[in-house]
Amino acid sequence: MVIEVKLMGVPMVLKDGQPVLFKYQKAEAVFYYIAFHRKVDRFQVMHLFWPEESEERARKNLRNALYSIRQSFESPIFLSVGQRLICFSEQTELKIDLEAATESDYLFMENFTIKDAPLFDEWIALTRDEFKDSVILKLQERLNSLSNVDPNIEIICKKLLKLDPYNEGIARKIMHYYMATDQYGRCVEVYTKLCDVLDAELGISPEPETAQTFRELVELRRKLPKSNKKENSFFFSRKNELDDMIKCFDDVQRHGRTGLVLISGEPGIGKSTLLKKFTVSIEAIVKTIYSVTLHEGDQRHAFKAWMPVVSEAYEKLEKSKNQLKPAYLDALSRVFPIGVKGNGGGVPYAIEKQSPMHLSSLAQALTHLLSIVRKEEPLLICFEDIQWIDEWSLALLNQLVSGQSPLANTLIVATSRNPEVSDHWSRYPDIQLSEHFIKIELTRFNEVETREFIESFLKRKQLDSNYQRLIYQESEGNPLFLVEFLNGIIAKGDYDSVPQKIRTLYKARYYALSQEHQKIADLISIFSDTISWDELKTLSGKDDLQLLELIEHLIKQNFVKEIPEKNGNVKYGFTHQKLREFVYENQSATKRKLLHKRVGEFYKDQLIQMPMDRNLYPKLVFHYERAGDNASLLKYRILNLFDELELTHELFPRIKEVSMVGLRQRDGVRDRAIDKEIEQIDSLMKSLPPHQMEDKLKLEYLNMISRYNIINGNVQRGYQLTREMISLAKECEEMDFVYKGYLQMIYHCINQCQVHQMEHLIEEALRLFKSNADKGELGVLIRLKGYLMIIKNRFKLGESLLISAAKIFGMEPYKEQYVLNLVATYYYLGESRRLQNDYSGAYEWYKMAEQICLEHGFNGHLALVRSGIGIAAYDTGQYEVSRSLLGLAIEYYDHFNFMWGQVSVFAYWSLQCFRDNNYKTCLEYLTKADQCAELVDRAYEKGLVLRIKAEMCGLNRSLPGTQEINDYLALETHNYCREAVQFFSLHESFTYEAKVLKDIQRVCGQCSHYSV
């Protein structure tokens, strides 16, 4: 007779392969005990099962149990050896599963207990622990011998955790294995189960080391996209369009020019799929690819489209041994402070932000950066959803494609929705007329193409022709809708039911999610672009574990996708904009407003009162506008506009007053965007009740708009707004704005040479602020009065005032804030000496200004100061010195079109080049001087150009120049010395103008046409 006994797991007995049933449980327990030991002492069994009974009673109970066992087996299976021992008979073949106990996944006699036998239960527990310890020891030995990614780790760790669910070392081991093999979901399951077990049974949390392991998982999951997630490679029907793109790329390579491909079409039409297919087709040739996806709201953020490109390119530059020219680095660092680190030498980077530049200068710097990074290789730049591009970025794109700074061997590919694209590109006809511009408009599939699409997508699955027609009618041939329908069919395995409408499909997918998953999807839809892990965690209020599980599920359901960033972090967004729009619109208007308000408050808390805040202003505008919070919307519209305008038109402002960089463009692009924003701000201000309008905010707005009007030529309106600001500031006792108002009008007077009005304003301001301003602010007014005296030919008083101002700016409390004012003071002292023909005195003051500029990295002001030294050197006949210094200044002006002092340096450089027989360059810069003089439209600059031409007229007697210069000057019909004298006789003349007249007398006194 063969008896099989299974003690691992729930115990059971088989006799010749058939189950054995016992009449009562204690008899069964006696059998298992004897089977385990094979031979037992009778008295030991009696004590184990009936410890409280008398010996006689216990003996009787044992006899009854043995008899019951004999009946269950229908034959005797035990033998008595003497008076004490019990063992199995020789006819019984006993097989017990204890030999394989270490391989078993079960516990010894699992869930087997009997009443009134505590010693037996204790024996089971002790034996179970012995087996468990033995098993654990052997499994640990095997585990320690495995590599970190051996699949057996998972099997062994699971066995160990079943034996010891509190063992955090094993939990960490399997978590590390899952992390190493990209099984993040299973890793989360292990940690979740461990937390539940520890909390429920022990009331404790995981050890710090285990919690740290999970935090590492969360961080890794945030930063790395799924390595096992394959990109959908299905591509259909766009072969002709793909061929056109490849041909355009080949032409760009062959001619070494810049090409632009614009792919337009409705949402879901396949623009991104075509772009991805093209990128894959050329990736063997193109090693440098920059990809930027734009979103709603980006159109308010100046240069947002180019920020990722510049940031990534500069990061590559830093890793290489190459360097940008300081002038290029300065230009980029002022516009892209996140991506590029300037060379300010410890001074706040905003110091140089008031330098006006043109887009062409920025285009030159960007072209130079990208050329260094990609070397000689072709370059691909991709902009998705370019309909959201800001005016500044689009204007820069125009410069790069059709301007004077093209990106050689570069293809730019942009996708855009219809019809939004037409409005943008109509403003830039040069782009569309470019030889290497192609526009690809994707349209929906017709019915035949839809049938082919269905057959290709489903592969071997066949659909009834009527069913295919229904799909075509519901999808209208849109590829995105077709994919949604067909994926729904595949998921259900139902190829016969009538297809649903696309909104119904989205609705079914959305409501298949749990409420918690819906909440996360709703929150993500509030963001027009993407959302980071930290943003999602803070706004949702979920902990890392909960959020990770929710996000994982949304990704698996193809609702949300991970968007890896260049810095290794991951953001989250919807798999398609149409899905995002459905989820967003599916929420009630009230809920959307509340969520937008909450997101706005979140971004508001991120503000740190630093220049980097400007990156948050467009987001705050976007969310407060949709939240219906007009008071907050107005505030951040004003701050956003203030940040995008270059309004400081004094050459040497206080550092704390310097606004962010802005570009003075001649094409009006920037002005159109600003005018539109001003209209919206004005409308908001009218709609808000007075008590919701902060006085200080209104003052900021008046300060900004008044200067904007003045700098754009609407002086009367600008002055009116400035006076309004001063009046309101006095009422509110905001004297800082009163001060700003006076300075604003004084600066304009300087720019327009309105000396009498300037004098009146300075005297009025000094009376008002003599006791209402700090010493630094008073120093600025003293400096301005000193400059006024120099203009009025009162050099001694002017220099005395300037020196007094310099002493204030040199004091410890004012050194940093007023450092540019100190440069201004030394510069104007140099100007004073130059106007008195004291070259050595001028040189000394100029050099002091130059030293500060060098120490602080003020490149724009450095060029201005050096041009002053160069002009002074020229006027005193030191042509070698003037050639060197004017050349250095010209190099900066050429790169950045720095406006201050432009006419003077261009005019004198042309004169220097004439002396050096460099007539081609002479004509180039004389033409520039004429153009700039017309642009600034001031008497001094126009008179100065006439003075330069008069000297050329005189030089032409000994240095005849070239026919081109003679034709340009038209010397036969023009007498420039007489024209200059007559010009100044018609305009109010002060020190600078007098200097020009003296120079003309010096160089043209012998001319018969000259009279003074």
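Let me begin by describing the structure that accompanies this report.

About the thresholds
- Residues numbered from 1 in each chain as written.
- Predicted model: local features only at pLDDT ≥ 70, side-chain atom pairs only at ≥ 80, totals over all residues.
- Heavy atoms only, no water.
- Helix = DSSP H or I, 4+ residues; strand = E, 2+ residues; numbered from the N terminus.
- Buried < 20%, exposed > 50% of the residue type's maximum accessible area, 1.4 Å probe, protein only.
- Contact = heavy atoms within 4.5 Å.
- Areas by Shrake-Rupley, 256 points an atom, 1.4 Å probe, with all protein chains shown as cover.
- Axes fitted to C-alpha atoms, helices over the stretch in contact; angles between N-to-C directions.
- Parallel < 35°, antiparallel > 145°, perpendicular 65-115°, else oblique.
- Left-handed = near helix turned anticlockwise from the far one by under 90°.
- Nonpolar A, V, L, I, M, F, W, Y, C, P; charged D, E, K, R; others polar.
- Pairing = 2+ DSSP bridges.
- Phe/Tyr/Trp six-rings, centres within 6.5 Å; stacked < 30°, edge-to-face > 60°.
- Lys NZ or Arg CZ within 6 Å of the ring centre and 35° of its normal.
- Lys, Arg positive; Asp, Glu negative; His and termini not counted.
- Salt bridge = Lys/Arg side-chain N within 4 Å of Asp/Glu carboxyl O.
- Polar contact = N/O pair within 3.5 Å; in protein donor to acceptor, adjacent residues only side chain to side chain.
- Core = buried A, V, L, I, M, F, W, Y, C linked by side-chain atoms within 4.5 Å.
- 1 Å grid on protein atoms, 1.4 Å probe; cavity = no way out; pocket = protein on both sides within 12 Å on 5 of 7 lines; lining within 4 Å.
- Points joined across faces, edges and corners; volume = space filled by probe spheres on them.
- Expected span 1.5 Å × (residues − 1).
- Patch = residues over 30% accessible without salt bridge, like charges linked within 9 Å, V, L, I, M, F, W, Y side chains within 5 Å.

1. Describing the overall build of the chain
Looking only at helices and strands, the chain has 44 helices and 15 strands in total. Split into buried and exposed, the 1012 residues of the chain put 55% on the buried side. Partitioning the intrachain contacts of the chain with sequence separation of at least 6 by distance along the chain shows that 69% fall at a separation of at least 24. Summing over all exposed atoms, the chain offers an accessible surface of approximately 46000 Å²; the carbon and sulfur share of this is 49%.

2. Concerning the packing of helix α40 (residues 919-936) against helix α41 (residues 939-955)
With their axes 8 Å apart at the nearest point, α40 and α41 run at an angle of 155° to one another. Compared by their axis directions, α40 and α41 come out roughly antiparallel. Along this stretch, α40 crosses α41, giving a crossing that reads as left-handed. Together, C922, L926, A929, D930, A933, E934 and V936 of α40 and E941, K942, V945, K949 and M952 of α41 make up the contact between the two elements. Split into classes, the residues belonging to the contact of α40 with α41 amount to 7 nonpolar, no polar and 5 charged.

3. Some remarks on the pairing of strand β2 (residues 12-15)
With 4 bridges joining them, strand β1 (residues 2-6) and β2 adopt antiparallel strand pairing. Considered in β2, the bridge of V5 is made with V13. In textbook terms, the turn of a hairpin is the stretch between consecutive antiparallel strands, and for β1 and β2 this stretch comprises 5 residues, one of which, G9, has a positive phi near 90°. Strand direction decides the pairing type here: β2 and strand β3 (residues 18-19), joined by 2 bridges, are antiparallel. Within β3, the residue paired with L14 across the bridge is P19.

4. What about the sheet that holds strand β12 (residues 437-441)?
An order of β9-β10-β11-β8-β12 is seen for the 5 strands of this open sheet, with the pairing classed as parallel. The open sheet is flanked by β9 (288-293) and β12, the only strands paired with a single partner. The mean inter-strand angle of the sheet, taken between neighbouring strand axes irrespective of direction, is 15°. Inspection of the sheet shows strand β8 (residues 258-264) paired to strand β11 (residues 410-416) by 7 bridges, in the parallel sense. Within β11, the position partnered with I263 by the bridge is T415.

5. Details of the packing of aromatic side chains
All chains considered together, the criterion is met by 45 aromatic pairs. Summarising the aromatic geometry, the rings of Y814 and Y818 are spaced 6.1 Å apart at their centres and angled 70° between planes, so their arrangement reads as edge-to-face. Taking relative accessible area as the criterion, Y814 reaches 15% and is therefore assigned buried. When the ring centre of F906 is taken as reference, the NZ or CZ atom of K928 above it lies at 5.6 Å.

6. A short note on the side chain of E384
Mapped onto the elements, E384 comes out in strand β10 (residues 379-384). Despite its burial, E384 pairs with no opposite charge, the nearest such side chain being K276 at 6.1 Å. Among the polar contacts made by the side chain of E384, one reaches the side chain of S272 at a distance of 2.4 Å.

7. A closer look at the sheet that holds β1
Read from one edge of the open sheet, 4 strands run β3-β2-β1-β7, paired in mixed fashion. Looking at which strands have only one partner, the edges of the open sheet turn out to be β3 and β7 (93-96). The strands that helix α1 (residues 25-37) touches are β1, β2 and β7; relative to β1, the one it contacts most, it runs at about 100°.

8. Side note on the nonpolar core
Formed by 214 residues in total, the largest nonpolar core has its most connected members in I471, L486, F559, L634 and L781. Core analysis: the second largest hydrophobic core is formed by 46 residues, L260, V292, A363 and L370 among them.

9. Here's the deal with the pattern of salt bridges
Tallied over the entire structure, the rule returns 39 salt bridges. The shortest N-O distance in the salt bridge between D736 and K740 comes to 3.8 Å. In this pair, D736 and K740 both sit in helix α31 (residues 735-751), 4 residues apart, roughly one turn of the helix. The class of K740 is buried, set by a relative accessible area of 17%. Linking D838 and R833 is a salt bridge whose minimum nitrogen-to-oxygen distance equals 3.3 Å.

10. Some points on the environment of G779
Mapped onto the elements, G779 comes out in helix α33 (residues 775-791). The class of G779 is buried, set by a relative accessible area of 0%. Aside from chain neighbours lying at most four places away, what touches G779 is A805, I808 and F809.

11. Things to note about empty space enclosed by the protein
Within this structure, the stated rule accounts for 7 cavities of 30 Å³ or more. In terms of lining residues, the largest cavity is bounded by 17 residues, among which E296, D298, S528, D529 and K619 are the most central. Ranked by residues supplied to the lining of the largest cavity, first place goes to helix α26 (residues 617-627) with 4 residues. Looking at the lining of the largest cavity residue by residue, the classes come out as 4 nonpolar, 6 polar and 7 charged.

12. Regarding unusual backbone geometry
Look at D385: it is not a glycine, yet its phi comes out positive at around 60°. Here D385 is to be found in the loop between β10 and α14 (391-402). If you check the backbone angles, E733 has positive phi at about 60° while not being a glycine. In this structure, E733 sits in the loop between α30 (715-732) and α31.

13. Remarks on α31
At 3.6 residues per turn, the α-helix brings residues three or four places apart onto the same side. Across its 17 residues, α31 extends 24 Å between first and last C-alpha, which sits within 8% of the 24 Å expected from 1.5 Å per residue. The buried count for α31 comes to 14 of 17 residues, which makes it a mostly enclosed element. C753 sits one or two positions beyond α31 and adopts a positive phi of about 55°.

14. Points about a nonpolar patch on the surface
A surface patch of nonpolar side chains, about 250 Å² in accessible area, is lined by Y166, L202 and I204. When you line up the elements, L202 lands in helix α7 (residues 184-202). Overall, L202 belongs to the partly exposed group, its relative accessible area being 44%.

15. Quick word on the pairing of β11
Taking burial as the measure, the 7 residues of β11 include 7 buried ones, the bulk of the element. In β11, alternate side chains face the same way, and those of T410, I412, A414 and S416 on one face and L411, V413 and T415 on the other are all buried. Both β10 and β11 contribute to a ladder of 5 bridges, which runs parallel. For L379, the partnering residue across the bridge sits in β11 and is T410.

16. Side note on the environment of R915
Its location among the elements puts R915 in helix α39 (residues 902-915). Along the chain, R915 and M952 lie 37 residues apart, while their C-alpha atoms are 8.8 Å from each other. The residues contacting R915, other than those within four sequence positions of it, are Y874, Y879, E951, L955 and L959.

17. Focus on the packing of α41 against helix α43 (residues 976-985)
One way to put it is that α41 packs onto α43 with a least axis distance of 8 Å and a crossing angle of 160°. Between α41 and α43, the interaxial angle falls into the category roughly antiparallel. As α41 runs across α43, the sense of the crossing is left-handed. Across from A939, K942, G943, L946, K949 and A950 in α41, the residues of α43 making contact are Y976, C977, E979, A980, F983 and F984. Tallied by class, residues from the contact of α41 with α43 come to 8 nonpolar, 1 polar and 3 charged.

18. A look at the environment of K439
Its place among the elements puts K439 in strand β12. Put simply, K439 and T415 are 24 residues apart on the chain and 9.9 Å apart in space, counted from C-alpha to C-alpha.

19. Remarks on helix α5 (residues 152-163)
Given a rise of 1.5 Å per residue, 12 residues ought to cover 16 Å, and the 17 Å separating the end C-alpha atoms of α5 matches this to within 8%. Among all positions in α5, only I153, E154, I156, C157, K159, L160 and L163 are buried. Summarising the contacts, the buried residues of α5 are in contact with α4 (118-144), α6 (168-180) and α7.

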